[in-house]
Amino acid sequence: METLPLLALSPPGWGGNLLRGLVNSVQIALGAFGLGLLIGTAGAYGKLYGGPITRDLLAIYTTVVRAVPELILILILYFAVTDAVNQVLLAIGYQRIQISGVAAGIAVLGIVQGAYATEVLRGAILAVPLGQIEAARSMGMPPLLLARRITLPAMLAIAMPGLANLWLIATKDTALLAVVGFAELTLETRQAAATTKAFFTFYLAAGVLYLAVTLTSGLLFGRIERWARRGEPSLRGAG
Amino acid sequence: MTDPPLTDPSSKPVAPQGSGRARLPEWLAPHRIVLAAIGLAIVWLCVTQMRWDWLPDYGWLIAEGIWRTIWLLVVSCILGFALAVPLGLAQAVGPWYLAAPARVFCTVIRGTPLLLQVWLLYFGLGSLFPSIPWIRQSELWPLLRQAWPYAVLALTLSYAGYEGEVMRGAFRSVPRGQLEAAQAMGMPRLTILRRIWLPQAVMQVLPTLGGETVLQMKATPLVATITVVEIYAVASRVRQDTLITYEPLLLLAVVYMALAGVIVLGFRWLETRAPARAG
Amino acid sequence: MKKTITLATTLLLTAGMAAAQDVRVGIAAEPYPPFASPDAAGNWVGWEVEIIGAVCAAAELNCIVTPVAWDGIIPSLTSGQIDAIMASMSITEERMQTIDFSDRYYNTPTVVIGARGIEMDATPEGLAGKVIGVQVSTVHQAYVDAYFAATAAEVRLYQTQDEANQDLIAGRIDATQADSIALEAFLATPEGLACCEMKGTVADDPVILGSGVGVGLRQGDPLKDAFNAGIAAILADGTYDEITLRHFASSIYGG
C-alpha cells in the first residue's frame with residue numbers, strides 16, 4: 001500500500017506518535033490495574049469480613065460502577081474530582097492545583113477496575129479451602145500474616161483468569177480516554193488519520209498494536225497462572 | 001427481639017440465623033434504614049438544589065434517545081447471539097477450516113477496543129467510498145449514508161466475538177451422554193442442536209450472558225461518536241447547549257442504572273424458567 | 001517534625017506562587033488545520049499555535065499548550081484544568097454567561113461548502129432537503145439549528161470538523177458549515193477539491209455567530225488584562241501580520 005510509509009517511526013511518518021500513544025496507554029492501564037487491585041483487595045475483605053454498613057456501601061459502589069458506562073464515569077470523575085479538589089483548595093485559601101491527565105486517567109480507570117476486582121477477588125477468596133484458614137487461625141497466626149502466607153497465594157491461582165480479563169478490560173478502556181482528549185493510542189490514531197486522511201492504514205495499525213498488547217498479556221498471564229498453580233495435581237485425564 | 005438467656009457470660013448467642021426467633025427482615029435492619037434515609041436525602045437535595053429546568057425542553061429528545069439506546073441494544077444482542085452460536089459451535093466441534101477463522105475472529109474482536117472497531121467501520125469504510133463512484137447509484141446507498149447501520153454492525157460483531165467465546169465453553173460443557181443418546185435414537189443433527197445441545201448450553205451460561213448484555217449496554221454510548229443520536233449523544237447535546245456540566249451526566253447515570261436493573265431482572269426471570277437440573 | 005512540615009508546606013505553596021505565571025492554554029485535541037494541527041513528531045503547529053506563542057511572549061506569561069477534547073473544553077476551563085482557551089472559540093452572548101473573553105484576535109466569515117453537482121446555496125431554501133453536517137458545541141451548530149434545521153433533511157453532529165469533512169468526501173452528507181478559512185484549507189486538499197466546492201457565505205447573525213474569536217477565560221480572571229495587552233502588543237508591532245502572512249494571503253483580523 002502506498003500509505004505504508006506513513007507508519008514510519010520518525011517524521012514524516014506517524015509511527016513514532018502511535019508508539020508514544022501506546023506507551024501512554026500501557027502506562028495508564030498498568031496504573032489503573034494496580035490501583036484497581038488495591039481497591040479490589042480492600043473491597044473484597046470489606047465485603048467478606050466487614051460490618052454491615054461497610055458491606056452495604058461496597059455493594060452500592062460495585063453496583064453503580066458496574067451499571068454505569070465507563071464513558072460517563074470517566075466524564076463525571078474527570079471533571080467532578082478536579083473541580084471538587086480545586087474548590088476545597090480555594091476555600092481553604094490555597095491555589096488551584098493541576099491534576100495531570102495521566103493521574104486523572106489512572107484514578108478514574110482505577111476506580112472502575114476496583115469495582116470489578118472486588119467481585120473477582122471476593123469470589124476467589126471464598127474459594128480458598130476454609131480448612132486451611134481455620135488451621136492457620138488455630139495455630140495463632142495473626143491476620144496479616146495469614147493473609148500474606150495462606151489466603152493471597154491460594155487466591156491468586158483461582159483469581160488469575162478473572163484478573164487477566166480485568167487487565168484486558170483496562171487496556172481497552174484506555175481508548176475511552178480519547179474522548180476526554182488524553183493523548184493515548186486511539187487519540188493519536190485519530191489525529192494521524194484525520195491529518196493524513198489515511199484512515200484504514202492508521203486504524204488497522206492501531207488494531208495491530210492493541211492486538212500485540214493483548215496477545216502478549218495473554219501469554220504472560222498464562223505463565224503467571226501456571227506459576228501460581230505450581231504443585232497442584234494436573235486435572236488432565238480426570239473424568 | 002428477645003435474646004436467649006445467657007447462662008455463661010463468655011459465650012455468645014449461638015442461635016443460627018432464621019432459627020425461628022422473631023427478628024426484623026434484613027432490609028429493615030437499623031443500619032439499612034439509616035442508609036436509605038441518607039440516600040433519600042441525597043436524592044432530594046439533587047432534585048431541589050440542582051438545575052433541572054432544561055428537562056421539559058429536551059424531554060422529547062431524551063425519550064427518543066432512550067428508545068434508540070434500547071433498540072440498538074436489543075438488535076445488536078439478538079443478531080450478535082445469532083452469530084455467536086455458529087462461532088461457538090465451529091470452535092467447539094468444527095473442522096479446522098471453520099474453527100480457525102472463528103477463533104481468529106473472536107481473538108481480534110476481544111483484543112481490540114470497541115471504539116477503534118466502530119471508527120474503523122464508519123470512517124474507514126467511508127474513506128473507501130470516493131474510490132467506488134457507482135456506489136452512490138446503488139440500492140444500498142441510503143443505508144450506507146446513515147450512521148446507524150454501522151453502529152448496529154459494530155455492536156453486533158463485538159457481541160458475537162465475546163459470546164462466541166462464551167458459547168464455545170458452553171457447548172463443550174453439555175454432557176456428552178445426552179448428545180450420544182440422541183444420536184443413538186436417530187435424531188437428525190439439526191434437531192439435536194435445536195432440542196438438546198443449544199438449550200442446555202444457553203441455560204448453563206445464562207448468568208454470564210446476562211452480565212455480557214449489561215456490558216453491551218455500557219458499550220452503546222460509543223456510537224455517539226459516529227453521529228448516532230442515542231441517550232448519551234442527547235445528554236452531550238444538553239451539556240453543550242446549556243453549559244451545565246453535571247446534571248445531564250447524573251440523568252444518564254440514572255437511566256443506565258435503570259436499564260441495567262431491567263436487564264438483570266430479565267435474565268433472572270429467564271433463569272427461573274430454565275427447567276431444574278435432573279440430578 | 002512540625003518544623004519540617006511547616007517548611008515543606010511553605011515551600012510547596014511558594015513553589016506554586018513562583019510558577020503562578022504558568023498559564024495552561026487549552027486547544028482542541030482534534031486537528032483543525034490551518035489553525036492548529038499535530039505534525040508527525042507530535043508537536044502542534046499552525047497559525048493559532050504561533051499566535052499563542054506570540055501573545056504569551058508579549059504578555060510575559062509562561063504558556064503551556066494543553067490539548068483538551070473540544071466538547072469538554074469549557075468545563076475544563078471552569079473546573080480549573082486549564083486557564084485559558086485559544087481554540088478558535090467565537091465570542092457569543094451565550095458563552096459569556098459562563099466564561100469571559102478577551103478582545104478578539106481574528107474574525108472571518110462563515111461559509112457553507114457542499115458536494116459538487118448538487119444545487120444549493122447558503123440559505124434555508126438552498127439547503128432544503130439536504131443532509132447537513134456540523135461540529136458539536138460550535139456557533140455553526142447553533143446557526144444551523146436556528147436557520148437550516150427546519151428545511152434540511154437531516155442535521156448530523158460530528159465531534160470534529162474534520163470528521164464532517166470526511167463524511168462530505170464519502171458522500172454521507174451533502175453540505176457542511178464552518179469557518180471560511182478552515183473550509184478553504186479543506187477545499188485546497190486533493191480530496192476536498194475533487195468532491196466539493198464553496199456554496200456561499202451565510203447571512204450574518206452576530207448573536208449566534210458571535211463577534212470574532214477571542215481567548216476564553218474564567219469570569220473575573222485577572223489574566224484577561226494580560227491577554228488583552230498581549231494581543232494589542234502583537235497587533236501594534238507587526239508580529240500578528242508577520243505570522244498571518246506566513247499562513248494566509250491577507251489579514252484575518254476582520255472588521
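Residues numbered from 1 in each chain as written. Chains lettered and ligands numbered in written order. Predicted model: local features only at pLDDT ≥ 70, side-chain atom pairs only at ≥ 80, totals over all residues.

Caption draft 1: Focus on the domain arrangement of chain C. Residues and elements named next belong to chain C. Annotation of chain C at the domain level lists domain 1 (19-107 + 211-247) and domain 2 (110-209). Placing a centre on the C-alpha atoms of domain 1 and another on those of domain 2 gives a separation of 25 Å. The interface is formed by 13 residues belonging to domain 1 together with 14 residues belonging to domain 2. (Domains from an automatic or database assignment. Contact = placed C-beta atoms within 7 Å.)

Caption draft 2: View of the pairing of strand β7 (residues 110-115) of chain C. Residue and element names in this part refer to chain C. By the criterion of burial, β7 is predominantly enclosed, with 6 of the 6 residues buried. By the bridge criterion, 5 bridges tie β7 to strand β10 (residues 175-179) in an arrangement that is antiparallel. Paired with Gly114 across the strands is Ala175, a residue of β10. (Buried ≥ 20, exposed ≤ 12 C-beta atoms within 10 Å, placed from the backbone. Helix = DSSP H or I, 4+ residues; strand = E, 2+ residues; numbered from the N terminus. Pairing = 2+ DSSP bridges.)

Caption draft 3: Main features of the sheet that holds β10 of chain C. All names here are of chain C. The strand order β9-β8-β10-β7-β11 describes an open sheet built from 5 strands, whose pairing is mixed. Sheet topology places β9 (154-158) and β11 (196-201) at the edges, where each strand pairs with a single neighbour. Averaged over all pairs of adjacent strands, the angle between strand axes in this sheet comes to 30°, irrespective of strand direction. Across 5 bridges, β7 lies against β11 in antiparallel orientation. Considered in β11, the bridge of Ile113 is made with Met198. Across the sheet, helix α6 (residues 161-170) lies against β7, β8 (131-135), β9, β10 and β11, angled at about 155° from β8, the strand it touches most. (Axes fitted to C-alpha atoms, helices over the stretch in contact; angles between N-to-C directions.)

Caption draft 4: Structural detail: the interface of chain C and chain A. Contact residues are listed per partner, giving 23 residues for chain C and 24 residues for chain A. Within the residue set of the side of chain C that touches chain A, elements represented by two or more residues are α1 (2-18), β2 (37-38) and β4 (62-68) of chain C. Here the side of chain C that touches chain A is built from residues that sort into 10 nonpolar, 8 polar and 5 charged. (Nonpolar A, V, L, I, M, F, W, Y, C, P; charged D, E, K, R; others polar.)

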